[in-house]
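Structure at a glance
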Amino acid sequence: MEIKLREIAPLRVRTALLAVPVTDKSLKEGLARRLDRQLKGELGALVKKSRFVARRGSSLLVATHGAMPAGHVLLVGLGKHEEEGLHDWRVAGAVAAKEAGRVWADEAVFMLPPDQQTGPVVGAVAEGALLSAYRFTRYRSNDNQKSRVRALILGRTASGRSVALTRAVKKARLSASAVCLARDLVNEPPSTATASYLSEQAAAHCRGEGLKVEVWGKKKIEQMKLAGLLAVNQGSREEPRFIHMRYKPEGRPQKKIALIGKGITFDSGGLSLKPPRSMETMKLDMAGGAAVIGVMSVLPELAPNAEVLGLVPATDNLPDGGAQKPGDVIRYLNGKTVEVMNTDAEGRLILADALALAGREKPDCMINLATLTGACIVALGNELAGLFSNDGDLAGKLIECGRDAGESLWRLPLAAEYREDIKSHVADIKNVGGSSAGAITAALFLQEFVSEVPWAHLDIAGPAFAGKDQVTCPKGGTGFGVRTLLNLLSGIQ
Ligand code: BES
Ligand code: MN
Ligand code: ZN
């Protein structure tokens, strides 16, 4: 979909669909009122009849029947006046693009209110529209999906150039492409999306000025003593990969940041086998890794003033004759030993290697994303990710970036009270806690491998995968985390 910025006179523009964003207040004034007059009261009457109150995500479509050059007017709800945030604009952009497709519009205009013609709003609308167009159709023999609008024109009232707005559209395009790459990687069937596939995709998509990808195969992983990754990989026919991506801007960067993503390409549970229903969506278990690859892929164009290291340990978790067994002990690179009590708690085992390795680089902060625990879904559901951090500033920044991105993060405690729960009789620690606080004990396990550096762990088990269609994302991989991280990185200049 093309996104264009143009000066538009809404009552005179010839277009298939004119989208007009409204709040409960602006629904009765300004452009909405002028349109109602032009349509001889028909708009107002329909608003009344359908009880349209401009709720966020709602819309009202009216055919103009020649009363004005635009074929349809679409009121798009933003919610309550002065309560609307950036994510409401993102949803509005998505709704407008969707509805334009429904009336087979080739091109549609989204009219920006005069007081909202800013970079952040333009970026959010564009991003929403682009994200709503995502489909995963590679395996459909007849793609009878709804039609899609080819171009969305963001209408301004002022003329002339606006560098900030143009830049915002470009950023939205980058962000949407990063999110869609992450979605594609998650949606790909697990027998195709193996560890080597993931590394090939990373190499193919992470190109450009300042960006390098290095893939470690099994030999190198053995040399580097990544014991957790090797232990989890024992039960698999597929070789593991450790994907190493690095972006370096020109000159001396302001910050050095390490991003780490869980790359379990399929989680059967291993010998601690999952029941069938729990396995159905376990191709999602590399969503953290996919998000990191997505983010890295756009860094040459986004050009943040930070060195960014992206690490993705990748393997599937399967139960063949060589599989690790409950009771086995892993000896890690930092000297710590771990008793494996449950082979289904495999994510933390491979993240431990990567966290220890990243710590050696002495980054300013490290952030890991992982579909780590079902317990986090019990606690926060499918909309929010759990956020754990040893640093209040980093946690606060992430929450703020997440809010603007439309990705809600909720901070949970690294409660020292539960450290007891992961003590082992045989080794230093074990890989499962007690029967409760599962998201916390998993985070405490990770913390054992974090040195003295600001660190955040995002448990994205819930929001990484949409169980049903949403406006900005169809059922399947969501690319959760990508936009939050891009917000954080683009803030470093
Ligand atoms: N990949 C799962 C977590 C998960 C569950 C992600 C549901 C998305 C949806 C993880 O590896 C896992 O199996 N965790 C176990 C941990 C337990 C054995 C301590 C879990 O949550 O049950
Ligand atoms: Mn598991
Ligand atoms: Zn898992």
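Our structure is the block above this text.
Residues numbered from 1 in each chain as written. Chains lettered and ligands numbered in written order. Predicted model: local features only at pLDDT ≥ 70, side-chain atom pairs only at ≥ 80, totals over all residues. Heavy atoms only, no water.

1. Some details on the packing of helix H4 (residues 119-132) against helix H5 (residues 163-187)
- Packing of H4 against H5 brings their axes to within 8 Å, and their N-to-C directions diverge by 35°. Viewed along their axes, H4 and H5 form a crossing whose handedness is right-handed. Between H4 and H5, the residues in contact are Gly119, Val122, Gly123, Ala126, Glu127, Leu130 and Leu131 and Ala164, Leu165, Ala168, Val169, Ala172, Arg173, Ser175, Ala176, Val179, Cys180 and Arg183, respectively.
- Class assignment of the residues belonging to the contact of H4 with H5 gives a composition of 12 nonpolar, three polar and three charged. (Axes fitted to C-alpha atoms, helices over the stretch in contact; angles between N-to-C directions. Helix = DSSP H or I, 4+ residues; strand = E, 2+ residues; numbered from the N terminus. Left-handed = near helix turned anticlockwise from the far one by under 90°. Contact = heavy atoms within 4.5 Å. Nonpolar A, V, L, I, M, F, W, Y, C, P; charged D, E, K, R; others polar.)

2. Here we look at the packing of aromatic side chains
- All told, the structure shown has four aromatic pairs when counted by the stated rule.
- Centre to centre, the rings of Phe136 and Tyr139 are 6.0 Å apart; their planes meet at 45°, and the pair counts as tilted.
- Residue Phe136 is classed as partly exposed on the basis of its relative accessible area of 22%.
- Ring plane angle 25° and centroid distance 5.2 Å describe the contact between Trp216 and Phe242, whose orientation is recorded as stacked. Residue Trp216 is found in strand E7 (residues 211-216), and its partner Phe242 is found in strand E8 (residues 241-247); the two are separated by 26 residues along the sequence.
- Accessibility expressed as a relative area gives 6% for Trp216, which makes it buried.
- In textbook terms, an aromatic cluster arises when at least three aromatic residues are bridged by ring pairs, as seen for Tyr332, Phe445 and Phe449.
- The side chain of Lys220 reaches across the aromatic face of Trp216, ending 5.3 Å from its centre. (Phe/Tyr/Trp six-rings, centres within 6.5 Å; stacked < 30°, edge-to-face > 60°. Buried < 20%, exposed > 50% of the residue type's maximum accessible area, 1.4 Å probe, protein only. Lys NZ or Arg CZ within 6 Å of the ring centre and 35° of its normal.)

3. Section: unusual backbone geometry
- At His65, a residue that is not glycine, the phi angle is positive and equals roughly 45°.
- Looking at the secondary structure, you find His65 in the loop between strand E3 (59-63) and strand E4 (72-79).
- When its relative accessible area of 71% is taken as the criterion, His65 is described as exposed.
- Of note in the backbone geometry, Glu82 takes a positive phi value of approximately 65° without being a glycine.
- Position of Glu82 among the secondary structure elements: in the loop between E4 and helix H3 (86-102).
- The exposure class of Glu82 is exposed, given its relative accessible area of 67%.

4. What to know about the coordination of the zinc ion (ligand 3)
- For the zinc ion (ligand 3), the protein coordination sphere consists of Lys262 (NZ), Asp267 (OD), Asp285 (OD) and Glu346 (OE), at 2.0 to 2.4 Å.
- Of note is the zinc ion (ligand 3), whose six donor atoms meet at the metal with angles of 78 to 175° in an arrangement that counts as octahedral.
- Each donor residue of the zinc ion (ligand 3) belongs to the same chain, and together they define the spacing K-x4-D-x17-D-x60-E.
- Here the manganese ion (ligand 2) and the zinc ion (ligand 3) are spaced 3.1 Å from one another, each receiving a donor from Asp267. One end of the pair, Lys262, is in the loop between strand E9 (255-261) and strand E10 (263-267); the other, Asp285, is in the loop between helix H9 (276-279) and helix H10 (287-297), and 23 residues separate them in sequence. As far as the burial class goes, Lys262 and Asp285 line up, both buried. (Donors = N, O, S within 2.8 Å, 3.2 Å for Na, K, Ca; no water. Tetrahedral: all angles 85-135°; square planar, octahedral: opposite > 155°, others 65-115°.)

5. Some thoughts on the layout of surface pockets
- Considered as a void within the structure, the second largest pocket measures approximately 830 Å³ in volume.
- Among the residues making up the lining of the second largest pocket, the classes are represented as 12 nonpolar, 13 polar and 10 charged.
- A domain split of the lining of the second largest pocket shows at least three residues from each of domain 1 (2-140 + 151-156) and domain 2 (174-490). (1 Å grid on protein atoms, 1.4 Å probe; cavity = no way out; pocket = protein on both sides within 12 Å on 5 of 7 lines; lining within 4 Å. Points joined across faces, edges and corners; volume = space filled by probe spheres on them. Domains from an automatic or database assignment.)

6. A closer look at the coordination of the manganese ion (ligand 2)
- In the first shell of the manganese ion (ligand 2), the protein supplies Asp267 (OD), Asp344 (O), Asp344 (OD) and Glu346 (OE), at 2.1 to 2.2 Å from the metal.
- Geometry at the manganese ion (ligand 2) is irregular, judged from its six donor atoms and the angles of 70 to 169° they form at the metal.
- When the donors of the manganese ion (ligand 2) are listed by position in the chain, the intervening gaps give D-x76-D-x1-E.

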